[in-house]
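# Geometric and topological summary
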Amino acid sequence: MNGLMNTLVMSHLGHNRLSTAFPTSQPQETDLILATYPKSGTTWLKALIFAIVTRTTYPLTENPLLFNSPHELVPFLEFGLYHNNPSPDLEGIPKPRIFSTHMPYTALPTSIFDSKCRVVYICRNPWDQLVSFWHFSTSAAKRWSTEYSISLDETLDMFCRGVISFGPFWDHVLGYWKASQGMPNKVLFLKYEDLKEDIMGQTKLLAQFLGFPFSVEEEGGGVVEEVSRLCSFENLKELEVNKTGKLSSGRDKSAFFRKAEVGDWSNYLTPPMAEKMKKLIQEKFEGSGLMF
Ligand code: A3P
C-alpha cells in the first residue's frame, strides 16, 4: 500500500497525519489542491480552477478543457497519480500544479500546511450529494454488469452511519470548514449552491484566492463570463470529450455529468428519509456556523 493510501486508512482509524507529503515529492508553494467529498462539484471546480489559471496561457476558445476531461487535466492524488504507482513523476508537471483529493482534512499531510500551497474545498447540500452519489454508484454497477447494486435506502443508511467512501460527510465538511475559518488565506471554503446562484461572483472570489485575480480590463472584456461559460454544466456536458470514452479509472467520462440541479433530491427522497437526514445534519453541524 502506498503512502497516500496509508494516510487514508489511518485517517479513518485514528485521524493521524503522516509527516511526509506526497510520499516521493514535496508540495510546491504554487501548488493548488482541490479537496471535495465525492459528488459535491469536483468536476466543476477542476474545470474552473484549470480555466482560471491557464486563461493567459491559452485563448479560452482553445483551452484544453475543450479536448480533455477535467479529470484528466486535474488528477486525483489517490486515484490517479498514486494509484498503483508509489513514485509518480510530479516534478515535470507545469506550474501551478493542480491536484485534487477526496481525502478528509485530518488526512492531509503536514507538509501541505508547512508549504504555502493553497487548498480549495467545495461542499454541497447533503441531500443532493447523497442522491448524486447513489446515481453514480448504481450507474457504475449497471455499466460494469456486476451483481452489485444498492438501493437508495441502503445508501441513506450508510450515509447516516458514516460508513461510506472517505468517511462521514459531517467530519469531512467540518474539517475543512474549521480550517477555512482559522486559515482563510490557506483554505477557501465554497458551496455548490452559491456557485449556482452567483457564478460570476464566486469565479472572481476563487480567482482572487488562487492568486490569479481578474484585472479590471478582463472584467470589462467579459473574461469572467467566458470562463464561467466554458466551465458550465451545459457546455462541458455537451463536449464530445465528456460524452464518450472512459477515464483511466474505467469510469465513463459522461458519468460525471447528470442533472446538476439544486434540490433534485426531492424527486428521490421520501419525506421521512429527508427528515432523518435533516435531524442528523442539524445535530452534527450545530454550533459550527455552517448550515444547509
Ligand atoms: P448530479 O448527480 O446532481 O447531477 P462530482 O464532480 O464531485 O463527481 O459531482 C458530480 C455532480 O456535479 C453531478 O451532480 C454532476 O451533474 C454535477 N456537475 C458536473 N459538472 C458540473 C458543472 N460544470 N456545473 C455544475 N454541476 C456539475
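Description of the structure in this document. As the structure is a computational prediction, the values presented were derived from the model and not from experiment.

## Some remarks on the environment of T42
- Structurally, T42 is set in helix 2 (residues 42–54).
- Under the relative-accessibility criterion, T42 is labelled buried at 6%.
- Separated by 121 residues in the primary sequence, T42 and V163 place their C-alpha atoms 21 Å from one another.
- T42 has contacts with L34, T36, Y37, F76, S100 and H102, leaving out every residue within four places of it along the chain.

## A word on the packing of helix 8 (residues 169–182) against helix 15 (residues 271–285)
- The contact between helix 8 and helix 15 brings their axes to 11 Å, and the two run at 35 degrees. At the point where helix 8 passes helix 15, the crossing takes the right-handed sense. Contacts from F169, W170, V173 and L174 in helix 8 reach L280, I281, K284 and F285 in helix 15.
- Tallied by class, the residues present in the contact of helix 8 with helix 15 amount to seven nonpolar, no polar and one charged.

## Description of the sheet that holds strand 3 (residues 118–123)
- Overall, parallel pairing links the four strands, which are arranged 2-1-3-4 in an open sheet. Since the sheet does not close on itself, it has two edges, and those belong to strand 2 (98–101) and strand 4 (187–191), each with one partner. The mean angle between the axes of side-by-side strands here comes to 20 degrees, regardless of whether they run parallel or antiparallel.
- Looking at chain direction, strand 3 and strand 4 are connected through five bridges and run parallel. Across the sheet, C123 pairs through a bridge with K191, a residue of strand 4.
- Strand contacts of helix 2: strand 1 (32–36), strand 2, strand 3 and strand 4, with the helix running at about 165 degrees to strand 1, the strand carrying the most contacts.
- Along the sheet, helix 10 (residues 199–210) contacts strand 1, strand 3 and strand 4; its crossing angle with strand 4, the most-contacted strand, is approximately 165 degrees.

Reading the values: the criteria
Residues numbered from 1 in each chain as written. Predicted model: local features only at pLDDT ≥ 70, side-chain atom pairs only at ≥ 80, totals over all residues. Heavy atoms only, no water. Helix = DSSP H or I, 4+ residues; strand = E, 2+ residues; numbered from the N terminus. Buried < 20%, exposed > 50% of the residue type's maximum accessible area, 1.4 Å probe, protein only. Contact = heavy atoms within 4.5 Å. Axes fitted to C-alpha atoms, helices over the stretch in contact; angles between N-to-C directions. Left-handed = near helix turned anticlockwise from the far one by under 90°. Nonpolar A, V, L, I, M, F, W, Y, C, P; charged D, E, K, R; others polar. Pairing = 2+ DSSP bridges.

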